[in-house]
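# Structure at a glance
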Amino acid sequence: MNDGKYVLRINNLRLEAAIGGAVIVDSIDLNLRAGEVLGLIGESGAGKSTIGLASMGYARAGVHIAGGSIEVDGVEVRALDADGRRNVRGRRIAYVAQSASAAFNPAHTIMDQVCEAPLIHGLMTRTEAQAWARHLFKSLDLPEPETFGARYPHQASGGQLQRAMAAMAMSCRPAILVLDEPTTALDVTTQIEVLILLKSLIREYKTAALYITHDLAVVAQVADRIKVLRHGKEVEEGLVDAVLQAPTQDYTSKLVAVRGAAAHERAVQSTVKSDTILKIEHVDASYGTFKVVSDVSLDVRRGETVAVVGESGSGKSTLARIVTGLLPPTAGTITFKGQALPKALKDRSKVLKRTIQLVYQIPDVALNPRHTLRETIGRPVSFYFGLGSAEVTRRTQELLELVELPQAFMTRRPSELSGGQKQRVCIARALAAKPDLIILDEPTSALDPLVAEEILKLLRRLQDELSLSYVLITHDLDVVHRIAHRTAVMLKGSLVAFGETDRIFQGPYHPYTEKLITAVPVMRSDWLDGVLAKRAAAHLGA
Amino acid sequence: MKIFGHKPPLTAWIGLAIIALNLFVAIFGPLMAPYSQSESVGGTWDVSSIKMWLGADQIGRDMLTRLIYGARMTIGVALATTIISFSIGITLGFSAAVLGGWVDTLISRLVDVILSIPLLILALIILGVFGSSIPVLILTIAVLDSTRVFRLARALGMNLTVLEYVEAARLRGERTWWIIRREILPNASAPLVSEFGLRFCFNFLFIAALSFLGLGIQPPFADWGGMVRENSAAINFGLLAPIWPAMAISVLTVGVNLVVDWLLSIEARPAGVQAEL
């Protein structure tokens with residue numbers, strides 16, 4: 001294969017909103033050689049996915065490609081008719097979507113869906129396509145590669161589906177893969193496995209790839225070059241190490257810093273010595289007959305942050321539902337401020353409901369789209385404290401100020417706010433109740449890194465000012481390391497470790513804690529190779 | 001010009017014009033009508049003339065006058081029915097969705113029972129037993145129709161109650177009624193408005209059908225369905241008399257549907273696009 005040849009050339013690409021003509025992506029140049037991986041990185045709304053889709057000559061509804069050229073294998077995609085484009089898509093350039101579970105059709109087997117493209121394009125017979133699919137399943141380390149294809153999407157886990165989707169994309173042996181956040185929806189421990197396999201797949205078949213992500217540390221592992229995007233424009237492009245070690249642009253420096261060494265410093269130093277506010281003892285909980293939490297005990301002190309970490313399905317969110325009363329535990333006791341906390345929400349007094357507040361993961365669905373901020377934040381004020389309209393307005397202003405939002409936002413609705421601003425509103429709504437304990441259910445995981453950083457700072461400041469206690473539910477060990485005084489690690493519904501965060505992170509670890517910690521990508525381009533080398537060594541040793 | 005923040009297409013404008021005209025006639029009808037609704041001014045099925053623009057009905061009453069009065073009666077009854085039916089259906093449907101458990105089961109099964117009996121037969125039985133006065137007519141159709149509204153409202157409510165802002169309101173300790181009114185209703189209003197238009201059409205046609213069968217609005221009040229029945233024999237003589245009320249029924253139905261189609265098409269658009277169109 002000729003390594004000097006460009007398989008994808010995008011020149012001066014411009015995309016606009018179909019109505020109104022707002023510019024979404026502007027003057028993007030992009031060249032990809034055979035076998036090369038280019039990381040596209042930026043925050044949400046930066047135009048990463050739009051560019052990824054445009055490279056196949058596709059634009060989402062409401063967007064259209066307004067200018068520039070897109071050449072795949074030297075063929076101008078924009079000049080092709082529908083048939084011509086269909087020939088290119090899937091065959092020369094294939095797409096791996098972010099959420100594999102949403103991208104598979106639940107009514108067909110995985111094999112049928114993986115074989116669909118080569119059959120439609122007439123590249124292989126059914127037997128050939130299936131043999132090739134089994135080969136791909138095997139090289140992607142899917143369980144029982146011979147029979148895996150007979151499964152329906154619901155019979156595979158998220159990580160398996162994401163790999164099956166990679167197999168689907170590879171089914172026609174395309175020259176280019178567009179990987180749109182392929183590991184973002186996965187747990188850290190699963191993410192590393194998928195990353196390793198994607199990387200070896202790309203190497204083995206010398207496929208060029210556009211790797212789209214918002215996580216610099218992830219892209220550093222697989223990409224040769226990185227292109228940083230912001231507001232639809234290029235910020236800078238360079239070799240991975242160059243960008244990570246010596247970013248030339250301010251914005252890139254910030255992105256690097258937020259995942260870099262500086263961010264690993266502990267923002268909280270000493271352990272909190274104060275009275276215990278919440279005590280959970282030997283709590284069990286189940287959904288129907290399915291036990292999700294068993295024998296969990298932990299306590300939270302006033303002014304302290306206790307982090308609960310674990311991968312999805314570990315029962316950490318269930319713990320939040322138990323404390324808030326949404327899911328009454330089947331066994332165990334909960335003590336709040338020295339008194340037994342009624343298990344069910346309906347048995348709790350108004351004061352108890354007021355003093356325990358919850359902040360959700362996805363601010364978009366946590367706020368009623370039809371309510372103004374005055375209504376959203378003001379309601380708990382009038383509901384719990386029975387204040388008059390003028391007082392409620394005054395208090396709402398105070399709360400907006402507390403979460404660093406302008407008072408003019410009072411009359412806005414959630415659709416007029418950014419993600420970070422919405423999360424601030426959710427925090428203000430919780431604060432409006434003057435709570436003692438706030439449960440933070442993945443408060444930053446739906447946000448861009450720089451925005452998440454600001455929210456964490458805000459939470460820290462509020463804790464100091466109002467001596468709040470937090471139960472922080474998260475899968476992000478970075479966040480835990482920085483703001484949690486104590487940490488609880490959960491695995492399959494049980495607590496495997498609980499103690500001061502420093503101690504948890506220093507070891508000796510529980511094997512699972514170690515697995516969690518070592519799975520977090522580090523911002524070095526050789527981190528993944530290092531992990532692989534370590535594994536190989538361990539394998540040889542064993 | 002924009003309505004609900006959207007620009008209506010030509011078809012929707014036609015529909016809006018038809019509805020506006022009908023409402024205008026329904027409200028100001030008696031001021032415009034040339035004669036009184038029960039006054040005989042001509043011969044049986046007189047043809048159109050300067051004196052009587054649309055001719056006369058089977059006992060010589062002015063057709064145009066009857067149509068104008070009929071608009072008020074037919075639209076008024078259909079509107080009252082639909083409003084009551086929506087009040088019942090939305091309240092019960094949202095309550096079932098929010099409260100769940102036995103409340104949901106009880107109401108849902110009750111609704112299933114009513115839905116299992118053909119609507120027209122059930123209405124005929126009830127009206128036969130209680131007699132066909134206008135309040136009985138309105139209440140009967142409203143209750144029967146509310147079962148359909150209940151189904152939609154419950155489904156919409158189910159989708160919304162699982163959202164976190166509703167959960168947040170529950171955690172706060174808000175009462176069910178507050179949650180329904182402030183958290184759910186505003187977010188379900190768009191599909192409910194278009195359903196209101198459709199159900200209005202159904203009720204309007206249903207009343208016309210009942211009147212045609214003789215159990216709807218009783219004489220001497222004019223209503224379009226009843227007018228078709230009273231004048232139906234004229235068809236045998238090739239006369240236009242039953243065509244006028246029938247046309248009034250179909251024009252209003254088409255008008256409302258044109259507007260509803262437009263409202264539904266707004267909802268069908270993906271969320272991001274909705275803001276731009």
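This paragraph deals with the overall build of chain B. Scanning chain B from N- to C-terminus turns up 10 helices and zero strands. Along chain B, helices (α) and strands (β) appear in the sequence α-α-α-α-α-α-α-α-α-α when read from the amino end. With respect to the principal axes defined by its C-alpha atoms, chain B has extents near 70 × 50 × 30 Å. The buried share of chain B, taken over its 277 residues, is 40%.

The next point concerns helix α11 (residues 316-324) of chain A. In an α-helix, one full turn covers 3.6 residues, which means residues spaced three or four apart are oriented alike. By the criterion of burial, α11 of chain A is predominantly enclosed, with eight of the nine residues buried. Looking at the residues trailing α11 of chain A, positive phi occurs at Gly325 of chain A, about 95 degrees.

Turning next to the sheet that holds strand β19 (residues 486-491) of chain A. Residues and elements named next belong to chain A. Pairing is mixed across the open sheet formed by six strands, whose spatial order is β16-β17-β18-β13-β19-β20. Whereas interior strands pair on both sides, the edge strands pair on one side only; in this sheet they are β16 (356-359) and β20 (494-500). Going from strand to strand, the sheet's axes swing by 15 degrees on average, the running direction of each strand aside. Where strand β13 (residues 305-309) meets β19, four bridges bridge the pair, whose relative direction is parallel. Within β19, the position partnered with Val306 by the bridge is Arg486. Against the sheet, helix α20 (residues 511-519) touches β13, β19 and β20, its axis set at about 105 degrees to β19.

Turning our eyes to something else, we now look at the sheet that holds strand β7 (residues 176-180) of chain A. For sheets, the rule is that strands pair by backbone hydrogen bonds, running either parallel or antiparallel. All names here are of chain A. Taken in spatial order, the six strands line up as β6-β7-β8-β3-β9-β10 in an open sheet, and their pairing is mixed. Looking along the sheet, the strands with just one partner apiece sit at the ends: β6 (93-96) and β10 (233-239). Shown here is a sheet whose adjacent strand axes are inclined to one another by a mean of 15 degrees, direction ignored. The pairing of strand β9 (residues 225-230) with β10 spans six bridges and is classified as antiparallel.

What follows deals with the nonpolar core. One finds Val306, Val308, Ala428, Val471 and Leu472 of chain A to be the most contacted residues of the largest nonpolar core, which totals 137 residues. Ranked by residues supplied to this core, first place goes to helix α2 (residues 63-99) of chain B with 16 residues.

We now examine the confidence of the model for chain A. Across chain A, pLDDT averages 86, with 96% of residues at or above 70. Within chain A, no element has a lower average pLDDT than helix α21 (residues 527-541) of chain A, which sits at 78, and none a higher one than strand β17 (residues 437-441) of chain A, at 94.

Take the packing of helix α7 (residues 188-204) of chain A against α20 of chain A next. All names here are of chain A. Contact geometry of α7 with α20 gives a least axis separation of 8 Å together with a crossing angle of 55 degrees. As summarised for this structure, α7 and α20 are arranged oblique, according to the angle between their axes. Like other packed secondary-structure pairs, α7 and α20 cross with a definite hand, here left-handed. Packed against α7, whose contacting residues are Val188, Thr189 and Ile192, the element α20 presents Lys515, Leu516 and Ala519 at the interface. In terms of residue class, the contact of α7 with α20 is built from four nonpolar, one polar and one charged.

With that settled, the discussion passes to the interface of chain B and chain A. With 15 residues of chain B in contact, the opposing surface of chain A contributes 19 residues. Residue contributions to the side of chain B that touches chain A peak at five residues, all from helix α6 (residues 164-172) of chain B. For the side of chain B that touches chain A, the class distribution of residues is eight nonpolar, three polar and four charged.

So, on to the packing of helix α1 (residues 10-32) of chain B against α2 of chain B. Residues and elements named next belong to chain B. At a closest axis distance of 8 Å, the pairing of α1 and α2 adopts a crossing angle of 130 degrees. With respect to α2, the element α1 is oriented oblique. Between α1 and α2 lies a crossing whose hand is left-handed. When α1 is examined against α2, the residues Asn22, Val25, Ala26, Gly29 and Met32 are found in contact with a partner set consisting of Ile68, Tyr69, Ala71, Arg72, Ile75 and Gly76. Classifying every residue of the contact of α1 with α2 gives seven nonpolar, three polar and one charged.

On to the confidence of the model for chain B, then. Residues and elements named next belong to chain B. Summing up the model confidence of chain B, the mean pLDDT is 84 and the portion of residues at 70 or higher is 94%. When mean pLDDT is compared element by element in chain B, helix α3 (residues 101-116) scores highest at 93, while helix α10 (residues 271-274) scores lowest at 37. Across the assembled chains, the prediction reports ipTM 0.76 with pTM 0.80.

Residues and elements named next belong to chain B. By the secondary structure assignment, Ile88 is in helix α2. Sequence separation between Ile88 and Thr147 is 59 residues, and the spatial gap between their C-alpha atoms is 8.7 Å. Once residues lying within four places of it in the same chain are set aside, the contact partners of Ile88 are Ala142, Val143 and Ser146.

Attention now moves to the environment of Lys422 of chain A. Residue and element names in this part refer to chain A. Assignment of secondary structure puts Lys422 in helix α16 (residues 419-432). We classify Lys422 as buried; it has 22 C-beta atoms within 10 Å. Spatially, the C-alpha atom of Lys422 lies 5.7 Å from that of Pro363, the residues being 59 residues apart in sequence. The residues touching Lys422, leaving out its near neighbours within four places in the chain, are Pro363, Asp364, Leu367, Pro414 and Leu417.

In summary, the side chains of a regular strand alternate between the two faces of the sheet. All names here are of chain A. Where strand β1 (residues 6-17) lies against strand β4 (residues 63-72), eight bridges are found, and the strand directions are antiparallel. Residue Leu15 lies in a different strand from β4, and its bridge partner there is Ile65. Examined bridge by bridge, β4 and strand β5 (residues 75-76) share two bridges and lie antiparallel to one another. Across the sheet, residue Glu71 finds its bridge partner in β5, namely Glu76. Taking the residues that link successive antiparallel strands as the turn, the β4-β5 hairpin has two residues, and the phi of Asp73 there is positive, at about 55 degrees.

Residues and elements named next belong to chain A. The buried fraction of strand β3 (residues 37-41) is high, at five of five residues. Where burial is concerned, the two faces of β3 agree: the one with Val37, Gly39 and Ile41 and the one with Leu38 and Leu40 are both buried. Across five bridges, the pairing between β3 and strand β8 (residues 208-213) is parallel. When the bridges of β8 are listed, Leu38 appears paired with Leu210. Where β3 and β9 come together, four bridges link them in parallel fashion. Residue pairing in the sheet places Gly39 in a bridge with Ile226 of β9.

Thresholds applied
- Every chain's residues receive numbers from 1 upward, in the order its sequence appears when written.
- Chain letters and ligand numbers both follow the written order, the letters beginning at A and the numbers at 1.
- Thresholds applied to this predicted model are a pLDDT of at least 70 for local features of residues and 80 or more for the giving and counting of side-chain atom pairs; totals over whole chains, interfaces and linings are not thresholded and use all residues.
- Comment: elements are numbered from the N terminus, with helices defined as DSSP H or I runs of at least four residues and strands as E runs of at least two.
- Residues with at least 20 neighbouring C-beta atoms inside 10 Å of their own are called buried, those with 12 or fewer are called exposed, and the rest are partly exposed, where every C-beta is derived from the backbone.
- Strand pairing follows a simple DSSP-based rule, namely that at least 2 bridges must link the two strands.
- Axes here mean lines fitted to C-alpha atoms, for a helix over just the part in contact, with angles spanning 0 to 180 degrees between N-to-C directions.
- Each residue gets a C-beta atom placed from its backbone, and two residues are in contact if those atoms lie within 7 Å.
- In this description, a nonpolar core means buried residues of the types Ala, Val, Leu, Ile, Met, Phe, Trp, Tyr and Cys, linked to one another by C-beta atoms lying within 7 Å.
- The pLDDT value expresses, per residue, how confident the predictor is, ranging between 0 and 100.
- Working definition: roughly parallel below 35 degrees, roughly antiparallel above 145 degrees, roughly perpendicular at 65 to 115 degrees, and oblique for all remaining angles.
- The handedness criterion is simple: a crossing whose near helix is rotated anticlockwise from the far helix by less than a right angle is left-handed, and one whose near helix is rotated clockwise is right-handed.
- Any residue outside Ala, Val, Leu, Ile, Met, Phe, Trp, Tyr, Cys, Pro, Asp, Glu, Lys and Arg is labelled polar, Gly included; the first ten of those are nonpolar and the last four are charged.

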